[in-house]
Amino acid sequence: MMTTDDKPLLRRLLNLPISRMLAASLAMVLPLALSFALIEALLPKAMRVAWPNLVAALACALGYWAYMSRVERREVSELRAAGALRQWTRGAGLGVLLGLLTLAPLWGLGVYRIEGLGDGFVLIQQIPEMVLVSVLEELLIRGVVFRIAEQAWGSRRALGLSTLLFVAAHLPAEISVLGMLVTAAASLAFSAAYQLGRSLWAPIGMHFAWNYLFSAVFSVPVSGHAAKGWLHGAMSGPEWLSGGAYGVEASAMALLVWALAASFLLRSAIARGKFLPRLGRSI
């Protein structure tokens, strides 16, 4: 029987959790970057509207699938086609619910107001960008970081690491402490949604629906990015409620909603035996 020391050096390096995370991330990001570079080089700017984001999302997903199936040599069950639509729809429905539960009280308090109606085409135009963001971030944070860390160090440490990296990825200069707390709570909810079904489609659906609802429908900034959606909305009032320039994700109302969602989903995952213990020490 071949011992660990007898295995090729590359295989031994790829057995390390951190090495696996880095290699899997490169397997996703390189095809994504290549797709954008080729499209930009081959097509005029007028033909590069919206759809390249869908191509990039597909390239990213294929890179992930290729790495997991060829390097990790396993079935990529977390992206299984069977039940994908059901899982995504459930996640998207939950994302919409959380968004409405956040915005409705702000509207009732006069913090959010609708000032007009825009072009309905924006509802279609923003879909590719939101697909790319949700696919890239969930494959990277949940599919790569959380999944590999959970296998190596257990669920609790995986939650800590993936949440830390998710918050770090949303750290522009204008984010507040409140914004970081909301982002952390959302990350915990996404991870728990993945744990419950061991499918990435649910957190992808949640992530897409939240971003799309605020950016494309209600014109509320998302993670500091200005939004121009179908309903011309505006936020005003104290920054702890409106979120300021960072958007609703820096609002106390969003923190309350996401904290409750994360608590419920995590408790459900624990109750259903989805939490993995720490199996041993790894680098």
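Let me begin by describing the structure that accompanies this report. (Residues numbered from 1 in each chain as written. Predicted model: local features only at pLDDT ≥ 70, side-chain atom pairs only at ≥ 80, totals over all residues. Heavy atoms only, no water.)

1. Some details on helix 7 (residues 155-168)
Owing to its 3.6 residues per turn, the α-helix brings residues three or four apart onto one side.
Thinking step 1. Spanning 14 residues, helix 7 covers 20 Å between terminal C-alpha atoms, matching the ideal 20 Å at 1.5 Å per step.
Thinking step 2. Ser-155, Ala-158, Leu-159, Ser-162, Thr-163, Phe-166 and Val-167 are the residues of helix 7 that are buried. Considered in projection along helix 7, the buried side chains sweep an arc of 150° and stay on one side of the axis.
Thinking step 3. Next to the buried residues of helix 7 lie helix 6 (127-153), helix 8 (177-197), helix 9 (201-217) and helix 11 (252-271). (Helix = DSSP H or I, 4+ residues; strand = E, 2+ residues; numbered from the N terminus. Expected span 1.5 Å × (residues − 1). Buried < 20%, exposed > 50% of the residue type's maximum accessible area, 1.4 Å probe, protein only. Arc of directions from axis to C-beta. Contact = heavy atoms within 4.5 Å.)

2. Brief notes about the nonpolar core
Thinking step 1. Counting residues in hydrophobic clusters, the biggest one holds 70 residues, and the most contacted among them are Tyr-64, Leu-139, Val-144, Met-206, Phe-218 and Trp-258.
Thinking step 2. Sorting the residues of this core by element identifies helix 2 (17-42), helix 3 (51-71), helix 4 (84-108), helix 6, helix 7, helix 8, helix 9 and helix 11 as the ones contributing at least two each.
Thinking step 3. Looking at this core element by element, the count peaks at 12 residues for helix 6.
Thinking step 4. Ignoring anything within four residues of it in the chain, the contact list for Val-144 reads Met-21, Ala-24, Ser-25, Met-28, Tyr-64, Met-68 and Leu-139. (Core = buried A, V, L, I, M, F, W, Y, C linked by side-chain atoms within 4.5 Å.)

3. Points about the packing of aromatic side chains
Thinking step 1. Tallied over the full model, the rule gives eight aromatic pairs.
Thinking step 2. Residues Tyr-112 and Phe-218 carry aromatic rings whose centres are separated by 6.0 Å and whose planes lie at 90° to one another, so their mutual orientation is edge-to-face. Pair noted here: Tyr-112 is in strand 1 (residues 112-117) and Phe-218 is in the loop between helix 9 and strand 2 (231-235), with a separation of 106 residues, a long-range link. Each member of the pair, Tyr-112 as well as Phe-218, carries the same accessibility label: buried.
Thinking step 3. Look at Trp-210 and Trp-258: their rings are 5.1 Å apart centre to centre, the planes differ by 65°, and that puts the pair in the edge-to-face class. Remark: Trp-258 occurs in helix 11 and Trp-210 occurs in helix 9; sequence separation between them is 48 residues.
Thinking step 4. By relative accessible area, which is 3% here, Trp-210 ends up buried.
Thinking step 5. A network of ring pairs unites the aromatic residues Phe-166, Phe-190, Trp-210, Phe-214 and Trp-258 as a single cluster.
Thinking step 6. The cationic tip of Arg-142 hangs over the ring face of Phe-166; the distance from NZ or CZ to the ring centre is 5.0 Å. (Phe/Tyr/Trp six-rings, centres within 6.5 Å; stacked < 30°, edge-to-face > 60°. Lys NZ or Arg CZ within 6 Å of the ring centre and 35° of its normal.)

4. Topic: unusual backbone geometry
Thinking step 1. Even without being a glycine, Ser-219 presents a positive backbone phi close to 60°.
Thinking step 2. Looking at the secondary structure, you find Ser-219 in the loop between helix 9 and strand 2.
Thinking step 3. A relative accessible area of 8% means that Ser-219 is categorised as buried.
Thinking step 4. If you check the backbone angles, Ser-223 has positive phi at about 50° while not being a glycine.
Thinking step 5. The residue Ser-223 is located in the loop between helix 9 and strand 2 in this model.
Thinking step 6. When its relative accessible area of 14% is taken as the criterion, Ser-223 is described as buried.

5. Here we look at the pattern of salt bridges
Thinking step 1. In this structure the tally under the stated criterion is nine salt bridges.
Thinking step 2. The partner of Arg-20 in a salt bridge is Glu-72, and the shortest N-O contact between them spans 3.1 Å. Pair noted here: Arg-20 is in helix 2 and Glu-72 is in the loop between helix 3 and helix 4, with a separation of 52 residues, a long-range link.
Thinking step 3. What makes Glu-72 buried here is its relative accessible area of 19%.
Thinking step 4. The shortest N-O distance in the salt bridge between Glu-138 and Arg-142 comes to 2.8 Å. Of the two residues, Glu-138 and Arg-142 both sit in helix 6, four residues apart, roughly one turn of that helix.
Thinking step 5. On the accessibility criterion, Glu-138 (0% relative accessible area) is buried.
Thinking step 6. We classify Arg-142 as buried; its relative accessible area is 0%.
Thinking step 7. Connected through salt bridges with shared partners, the residues Arg-20, Glu-72, Arg-74, Glu-78 and Arg-147 form a single ionic network. (Salt bridge = Lys/Arg side-chain N within 4 Å of Asp/Glu carboxyl O.)

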